Structures are given as structure tokens and as C-alpha cells.
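The lines below spell out each chain.
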Amino acid sequence: MKPQVVFALGRPGAGKGTQCSSITEHCNYTHLSAGDLLRKERTRADSEFSQKIDECFKRGEFVPGEITITLLRQAMEETMKNDKNKFRFLIDGFPPDVENLRCWTQVMDGEADVRFILLFDCSDEVSISRCLERGKSSGRDDDNKERVEKRIQTYLQSTRPVIARYHKEGKVRAIDASRSVTEVFDDVKSVFDREG
Ligand code: UP5
Ligand code: MG
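The rules behind these values
Residues numbered from 1 in each chain as written. Chains lettered and ligands numbered in written order. Predicted model: local features only at pLDDT ≥ 70, side-chain atom pairs only at ≥ 80, totals over all residues. Helix = DSSP H or I, 4+ residues; strand = E, 2+ residues; numbered from the N terminus. Rg over C-alpha atoms; globule rule 2.2 N^0.38 Å. Buried ≥ 20, exposed ≤ 12 C-beta atoms within 10 Å, placed from the backbone. Contact = placed C-beta atoms within 7 Å. Pairing = 2+ DSSP bridges. Axes fitted to C-alpha atoms, helices over the stretch in contact; angles between N-to-C directions.

## So, the overall build of the chain
Stage number 1. Looking only at helices and strands, the chain has eight helices and five strands in total.
Stage number 2. Shown N-terminal to C-terminal, the secondary structure of the chain runs as helices and strands in the order β-α-β-α-α-α-β-α-β-α-α-β-α.
Stage number 3. Expected size for 196 residues packed as a compact globule is a radius of gyration near 16 Å; at 16 Å, the chain falls within 12% of this value.
Stage number 4. Across its three principal directions, the C-alpha atoms of the chain cover 45 × 40 × 30 Å.
Stage number 5. Buried positions account for 33% of the 196 residues belonging to the chain.
Stage number 6. Considering only contacts within the chain whose residues lie at least 6 apart along the sequence, 76% involve residues at least 24 apart.

## Observations regarding the environment of arginine 165
Stage number 1. Note that arginine 165 resides in helix α7 (residues 145-168).
Stage number 2. The exposure class of arginine 165 is partly exposed, given the 15 C-beta atoms found within 10 Å.

## With respect to the sheet that holds strand β3 (residues 88-92)
Stage number 1. Judged by pairing direction, the sheet is parallel, and its five strands sit side by side in the order β2-β3-β1-β4-β5 without closing on themselves. A strand with exactly one partner marks an edge of an open sheet, and here the two such strands are β2 (30-33) and β5 (172-176). Each strand axis lies, on average, 25 degrees off the axis of its neighbour in the sheet, ignoring direction.
Stage number 2. Note that strand β1 (residues 4-10) and strand β4 (residues 113-121) share seven bridges and pair parallel. Counterpart to glutamine 4 in the pairing with β4 is aspartate 113.
Stage number 3. Strands β2 and β3 of the sheet are contacted by helix α2 (residues 34-42), whose axis makes an angle of about 60 degrees with β2.

Okay, here's the thing in C-alpha cells:
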């Protein structure tokens with residue numbers, strides 16, 4: 001069975017990780033966070049990619065699509081190898097820019113279907129306050145005001161064009177992510193119930 005993929009995008013701290021990990025049981029999708037996979041790979045001593053990932057994170061640049069897609073593919077293959085019924089994936093934080101999207105299309109065309117994009121919509125203010133709150137305990141070195149503001153700018157400049165492309169294809173399902181976790185979750189559930 002060909003992997004069926006949903007991408008989750010939105011400002012930093014919009015709640016992608018929170019919502020994607022809770023919806024998986026309800027909709028039989030496996031949650032993969034591109035950012036989490038990269039952070040894990042960055043610290044693996046025997047990784048051929050860790051140095052490059054570290055450089056990109058330090059410079060605030062996106063990791064080249066080839067690397068992220070390799071990690072995503074490995075994770076998808078591993079999941080499907082263990083259970084052939086697990087071919088639905090909810091990929092959070094990807095593709096972060098047009099270069100990553102181009103790379104995905106090149107590598108994955110015909111190998112996976114992108115069903116739709118779940119867009120977690122919130123203001124800059126909500127994005128900043130949630131990241132700063134999380135920063136008190138997350139240990140993430142990018143959860144401080146300066147880095148979050150930079151991440152928002154990068155999101156607007158680089159990720160918005162990806163969303164615009166999918167919008168033209170009628171694939172974007174936008175959700176108001178500024179409400180409570182439960183309210184947002186109800187909307188996420190409705191999208192998956194509708195889309196099947
Ligand atoms: N929270 C969540 N929902 C809430 C709600 N409704 N009400 C109140 N609070 C809510 O949530 C953030 C915080 O808010 C948490 O404390 C949560 O409890 C609370 P979370 O679910 O963690 O938000 P999320 O959208 O996942 O935010 P995240 O910071 O993870 O998003 P980013 O897109 O910034 O980060 P990501 O981890 O995806 O990427 C990090 C970096 O990796 C990127 O900046 C980039 O450098 C790199 N990257 C690549 O290079 N390539 C990729 O393909 C992907 C990432
Ligand atoms: Mg996240």
C-alpha cells in the first residue's frame with residue numbers, strides 16, 4: 001500500500017505537535033515530526049547527517065530536503081515494516097520551504113500521496129507566547145523571544161509560499177489554532193472525519 005500523507009503546517013508553537021500526537025489514535029495515522037526527527041538525528045553520535053543538521057540549526061536555516069526526506073522515509077518504512085496497515089502518516093512541520101517541497105516531489109512522486117495540508121492558523125502573539133511558555137521547560141534552544149521572532153519571519157517568507165501552492169490545488173484545510181486545545185482538537189477531528 002502506498003503511504004498516504006497529510007502535512008501539518010503553521011507558525012512555531014501553533015500546536016502542530018500537540019494536536020498531531022493526539023489525533024493519531026482517532027484517525028489511524030502515525031505522527032512524524034520533521035523537527036523532532038532532525039533534533040534526534042543531530043545528537044546521534046554515528047549519524048552521517050548530524051554535523052550538517054547542527055550547522056543548519058545554528059544558522060537558523062532549513063536542513064536540505066534530501067536529509068529530512070531520508071529520515072522521514074526511514075521512519076515511514078520502519079512503521080510499515082512493523083505493521084502493513086500503518087500506511088497513513090501525519091507529517092508535522094514539513095515541507096518548510098519550496099526547496100523542500102521540490103525535493104519531496106522529485107523523490108516521492110508516485111511513491112506517496114499527499115492527501116491534504118492541515119494548517120494551524122494563529123497570530124504572531126499567540127505563537128510567541130506559547131513558545132516562551134514552553135521554553136520554561138522544553139530545553140529547546142530556539143524557544144526564546146529573539147529566535148521565535150526570527151522563526152516567524154522565516155515561516156512567513158519561506159513556508160507561506162508552500163501553503164499558497166497547495167491552496168491553489170484546493171488541498172489546504174485551515175483551522176483556527178488560537179483557541180483552547182480541546183476546541184482545536186474538535187476541528188482537527190472533523191477534518192479527518194470528513195476526509196476519511
Ligand atoms: N499549546 C499547544 N496548543 C495550545 C493551545 N491550543 N492553547 C494553549 N497552549 C497550547 O505547542 C507549543 C506550546 O504551546 C506547547 O507548550 C503546548 O503545550 C502549547 P506545540 O504543539 O509544541 O507547537 P508546534 O506547532 O509543534 O511548535 P514547534 O515550535 O515545534 O514548531 P516549529 O515549526 O517552530 O518547530 P519544528 O520543531 O517543526 O522545527 C524546528 C526547526 O527544525 C525549524 O525551525 C527548522 O530549523 C528545522 N526544520 C527543518 O530544517 N526542516 C524541516 O523540515 C522541519 C524543521
Ligand atoms: Mg513541534
